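# An overview of the molecular structure
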Amino acid sequence: MASRSAGQTHLTQDMEGDDVGTDEREMDSEEDGEEAMGEENSDDEADSSEDEKENEAEIQRLEEQLSINAFDYNCHVDLIKLLKQEGELLRLRKARQKMSELFPLTEEIWLDWLKDEIRLTEEESNREKVYEIFERAVKDYICPDIWLEYAQYSIGGMALPGGIDKVRAVFERGLTAVGLHVTKGQMVWEAYREFENVILTTVQPPPGKIPSHQEQELLNAQLERIHTLFRRQLAVPLMDMEATYAEYEEWADGVPETVQLQYKKALQLMEKCKTFEEALMVAEPPKLAEYQAYIDYELKEGDPARIQMIFERALAENCLVPDMWAKCTTYLDRQLKIKDLVLSTHERAVRNCPWTMGLWKGYILALERHCADHQTVLDVFEKALNAGFIQATDYVEIWQAYLDYLRRRVDFSKESSKELEELRSTFTRSLDYMKQDVEERFGESGDPSCIIMQIWARIEALHCKNMQKARELWDNIMTKGNAKYANMWLEYYNLERSYGDTVHCRKALHRAVQCTSDYPEHVCEVLLTFERVEGSLEDWDVAVQKTETKLNRINEQRAKVAEKEANIARQEEERTQQRRKTKADKKAQKKIQKGICVGEKRKAEQDDYAIEWKEDLEQGPKRHKGNGDQMSEEFMETETGLFGKTAPPGFKPVPRGTNLDSTVSMAQRENQPELRNDNCSIFISNLVYTLEEPETKLRTLFDSCGPIKQIRPVFNIKGGFKGYGYVQFESQVSVPEALKLDRREVEGRPMFVSPCVDKSKNPDFKVFKYNTSMEKHKIFISGLPFSCTKEQLEEICQSHGSIKEVRLVTYRSGKPKGLAYVEFANESQASQAVLKLDGMEVEGNRISVAISNPPRRNTVDKPSSSRQSTDMMPRQFHGSRGKGRTQLSLLPRSLNRQSGSESKVENGTSTQSVAATNTANDTKPLSNADFARMLLNK
């Protein structure tokens, strides 16, 4: 400040007096500014101190939270971020260490950690710690950047003893891990070559000096290393391969022919991969669909190294997707089967997705498959129990997997062994765990059917010959709410049948008849069959008496429930009818007030319609507008007349100038009565209107059924195909073969094929002829996913018996309803299938399975009553612009179901419940409540 004032005093001597005052004011201002700056710095220091206190408080809070819940991933990340911001490197190291023990770290976290550790080790002169961290980092994910950083760090120690060999070893491992990475693998290859080029400069003799024999050998060996690296890289499909080839060509003064051939093959492979790589570049994360397509392609090509690489790339970006890990581990388990690779991948899978039970289960199986020691398997199982599964059933499955492993270790030829005692103690522990830990957490056991206890009982009976212990276990199973289920009793009966005695078999069946409530008929039948084969007359009489008493009691209960629900439904129906009647009365009152008679209005509409239609026929050609040949109004012929309606999709209008009379004559000639023979004919319907050349198409479809006499596709008055027609064969033998083509898909729609019957002469004819009584050899399945195919359903059911037929129920359009019928060879197989499959999950849907019991169809008093009632209903007409949507039913008459009191039911429940309902109200149709009641009774 003193020198600065002296200079200013010197300047004032050459200036006017006013300027002196100005300079003095400026000096005062600067001094005030410096004082203010000092105060501001002190304020900043205070703020900084407060921020440090706040950060420290936040750090302590996060550390306390982690002490309570160590698996809080976000809490770990926040703590590491705060410690790095504060520069607490030692505490930061500990925080990262704890997180890496629980979770795999991302590439960014590892690189930050490694850079900080490298700075710390420069002071400590301890490189081994950094090498250990690098080794841990490269195991979490396959990351080219981490391998490149590892190699570059190892180059820093090349001057140490064995340093060059250490660098080369790291580079070779890096090439094995990421050398096939299409987009990033080139970085490691080029870094490796640059390192070898540096080594080359150190072994080259100075210019003009003749190298010794030893120096020449070192020089040749180093040149060969670089040649080998170029050749290896050019044989791998990588991005920017052309630049590498040009570099090698310049460096080596020419490329050998073998290298050229390998390069061309790799280049061709790169062209195939480029499509998938470009899709990955433009896709948004997580890119699952793009990676899956890439994986499918590589699996088809079949190169294990490339398959593993694309899996690793997908997992690096989708590390929290369990399905991706499952696909990868499954491939390694079934194809590569390399122990170290398989087990390390399984370990990484459960570390990334510890909540997924399937990954832990696969890990335990892989350990057993590769003969891991028992303690290792036990440690993995204990970790699985602490992983925190999201469903109670997951704990049941993981216990089953471990118990299966223990059972396979036991030598049952010995009466007592250490392994057998461990198996039994583990069974006991599993039951205690499910009762205490799982039920307390989820509020349910997760094992309502006591699967674990059933397995234990079977092991005791089959392997240990200890039926007393098996019976004790089954008694416990029944006391846990399973005594009301027939399948549980039959499982116990089968166990006694196989390993027990006749006395206990009879005792089990008698208890089953007494306790079963879901399928009492089936249990009674099994008891009677048993006594028919095994029992005496006295045993038979007792069995008959017990079964009759049980079934009578069940039927009485069902009848009471059905009667009660029928009364409720009838009352509800009466209220509904009363509301409808009130509404109709109000509507009629309004019409009377307007002074319009309903009958007169209908007659006026009919007259208007007739006039309009006459004008359309007479002046049709004159009604064309500026729309080309498209008529302003389109019409469709039906079997009952001509209506002004909007044409269906695919309808083709008659070209201009077509004679309508000739079209009608042609249609009449094609349907001449003398040409028809219904016994040799079939009726085809539900075809698309856009079917080109329908006669030719139908001839192609039915030509294999036998000689065809004529084909009569039906056209409307304008020449458009109406979607149905007739095929007449020369012989009646061809008709059954043609009927087999019913529901075959023709241009996206199921074609309906039915017998050609004149209903006016055969009013009793029905297309739907099926058994309406209980079909004990056939099961009815509901709740199936719409994607379930006939083959999948057959595969599910074939383990329960010999399958004769599988039928999926569909809509008219061919879309599935989620229902199916499966016919077995005999009744016992069908019964076993019901017990095993009922409640099973198929693609996430819980299916219901029951014995087929189709609903009874009530017959009307007169065969023609339905037709007569339809004909007596007043016909409604609409003008040329009537309702916007056609009122025609596109369902063929042969498939049309009569609406009566029976209403439709997918599968009947019981004869008693249906009979009770029909008795309570014979004249009224069943309501939705009736159907719901039937299903609930079931």
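Definitions and limits used
- Residues numbered from 1 in each chain as written.
- Predicted model: local features only at pLDDT ≥ 70, side-chain atom pairs only at ≥ 80, totals over all residues.
- Heavy atoms only, no water.
- Helix = DSSP H or I, 4+ residues; strand = E, 2+ residues; numbered from the N terminus.
- Buried < 20%, exposed > 50% of the residue type's maximum accessible area, 1.4 Å probe, protein only.
- Contact = heavy atoms within 4.5 Å.
- Areas by Shrake-Rupley, 256 points an atom, 1.4 Å probe, with all protein chains shown as cover.
- Axes fitted to C-alpha atoms, helices over the stretch in contact; angles between N-to-C directions.
- Parallel < 35°, antiparallel > 145°, perpendicular 65-115°, else oblique.
- Left-handed = near helix turned anticlockwise from the far one by under 90°.
- Nonpolar A, V, L, I, M, F, W, Y, C, P; charged D, E, K, R; others polar.
- Phe/Tyr/Trp six-rings, centres within 6.5 Å; stacked < 30°, edge-to-face > 60°.
- Lys NZ or Arg CZ within 6 Å of the ring centre and 35° of its normal.
- Core = buried A, V, L, I, M, F, W, Y, C linked by side-chain atoms within 4.5 Å.
- Expected span 1.5 Å × (residues − 1).
- Pairing = 2+ DSSP bridges.
- Patch = residues over 30% accessible without salt bridge, like charges linked within 9 Å, V, L, I, M, F, W, Y side chains within 5 Å.
- Salt bridge = Lys/Arg side-chain N within 4 Å of Asp/Glu carboxyl O.

Once that is clear, we can look at the overall build of the chain. Looking only at helices and strands, the chain features 35 helices and 13 strands. By residue count, 37% of the 938 residues in the chain fall in the buried class. Taking the intrachain contacts of the chain between residues at least 6 apart in sequence as the baseline, contacts between residues at least 24 apart amount to 63%. With an accessible surface of roughly 54,400 Å², the chain has 50% of that area assigned to carbon and sulfur atoms.

As a packed pair, helix 20 (residues 418–442) and helix 21 (residues 451–462) sit with axes 10 Å apart at the nearest point and diverge in direction by 160°. Viewed along their axes, helix 20 and helix 21 adopt a mutual orientation that is roughly antiparallel. Remark: the crossing between helix 20 and helix 21 carries left-handed chirality. Contacts between helix 20 and helix 21 involve Leu 423, Arg 424, Phe 427, Thr 428, Ser 430, Leu 431 and Met 434 from the former and Ile 452, Met 453, Ile 455, Trp 456, Ile 459 and Glu 460 from the latter. By residue class, the composition of the contact of helix 20 with helix 21 is nine nonpolar, two polar and two charged.

With that out of the way, let us pick up the packing of aromatic side chains. Counted under the stated rule, the structure contains 29 aromatic pairs. For the pair Tyr 395 and Phe 442, a centre-to-centre distance of 6.0 Å together with 55° between the ring planes defines the contact as tilted. On the criterion of sequence distance, the pair formed by Tyr 395 in helix 19 (residues 392–409) and Phe 442 in helix 20 is long-range, its members being 47 residues apart. The exposure class assigned to Tyr 395 is buried, which follows from its relative accessible area of 3%. Its relative accessible area of 25% is what places Phe 442 among the partly exposed residues. Here the guanidinium or amino end of Arg 127 rests over the ring plane of Tyr 153, the centre of that ring lying 4.0 Å away. The ring of Tyr 131 has Lys 166 lying over it, and the distance from NZ or CZ to the ring centre is 4.4 Å.

In this section: the nonpolar core. Formed by 170 residues in total, the largest nonpolar core has its most connected members in Ile 398, Ile 779, Ile 781, Leu 793 and Val 822. Tallying contributions element by element places helix 19 first for this core, with nine residues. What Ile 398 contacts, discounting residues up to four positions off in sequence, is Met 357, Trp 360, Lys 361, Ile 364, Phe 381, Ala 384, Leu 385 and Phe 389. Counting 20 residues, the second largest nonpolar core, distinct from the first, contains Phe 702, Cys 705, Phe 729 and Val 735.

A word on the packing of helix 9 (residues 185–203) against helix 10 (residues 213–234). Two elements in contact, helix 9 and helix 10, have axes whose closest approach is 9 Å; the angle formed by their N-to-C orientations is 165°. As the angle between them shows, helix 9 and helix 10 are arranged roughly antiparallel. Note on packing geometry: the crossing formed by helix 9 with helix 10 is left-handed. Here Gln 186, Trp 189, Tyr 192, Arg 193, Glu 196, Asn 197, Ile 199, Leu 200 and Val 203 of helix 9 lie close against helix 10, whose contacting residues are Leu 219, Gln 222, Leu 223, Arg 225, Ile 226, Leu 229, Phe 230, Arg 232 and Gln 233. Across the contact of helix 9 with helix 10, the residue classes tally to 10 nonpolar, four polar and four charged.

With 14 residues, helix 16 (residues 339–352) ought to run about 20 Å at 1.5 Å a step, and its terminal C-alpha atoms sit 20 Å apart, in line with that. Buried within helix 16 we find Leu 341, Val 342, Leu 343, Thr 345, His 346, Arg 348, Ala 349, Val 350 and Asn 352. Buried-residue contacts for helix 16 involve helix 6 (127–140), helix 14 (304–317), helix 15 (322–336) and helix 17 (357–369).

With antiparallel pairing, the four strands of this open sheet are ordered in space as 9-10-8-13. Unpaired on one side and paired on the other, strand 9 (803–810) and strand 13 (848–852) mark the two borders of the sheet. When strand polarity is set aside, the average angle formed by the axes of neighbouring strands in this sheet is 20°. Bridge analysis of strand 9 against strand 10 (residues 816–824) gives seven bridges, and the strand direction is antiparallel. Of the residues in strand 10, the one forming a bridge with Ile 803 is Phe 824. Packing against the sheet, helix 31 (residues 790–797) makes contact with strand 8 (775–782), strand 9 and strand 10, and its axis sits at approximately 135° to strand 9. Together, strand 8, strand 10 and strand 13 form the strand contacts of helix 32 (residues 827–837), whose direction differs from that of strand 8 by roughly 25°.

Here the focus is the pairing of strand 4 (residues 708–715). Counting buried positions over the eight residues of strand 4 gives six, a clear majority of the element. Taken together, the six bridges between strand 4 and strand 5 (residues 721–729) define a ladder with antiparallel strand orientation. If you follow Phe 715 over to strand 5, its bridge partner there is Phe 721. Between strand 4 and strand 5, which pair antiparallel one after the other, the connecting turn spans five residues, and Gly 719 there sits at a positive phi close to 95°.

A surface patch of nonpolar side chains, about 320 Å² in accessible area, is lined by Leu 320, Trp 355 and Ile 390. Of note, Trp 355 is situated in the loop between helix 16 and helix 17. For Trp 355, a relative accessible area of 34% gives the class partly exposed.

Moving on: the sheet that holds strand 6 (residues 744–746). One open sheet holds the five strands; their spatial order is 4-5-3-7-6, and the pairing between them is antiparallel. Whereas interior strands pair on both sides, the edge strands pair on one side only; in this sheet they are strand 4 and strand 6. Averaged over all adjacent pairs, the angle separating strand axes in this sheet is 30°, with direction ignored. Sheet topology places strand 3 (residues 681–685) next to strand 7 (residues 749–755); four bridges connect them, and they run antiparallel. For Ile 682, the partnering residue across the bridge sits in strand 7 and is Pro 755.

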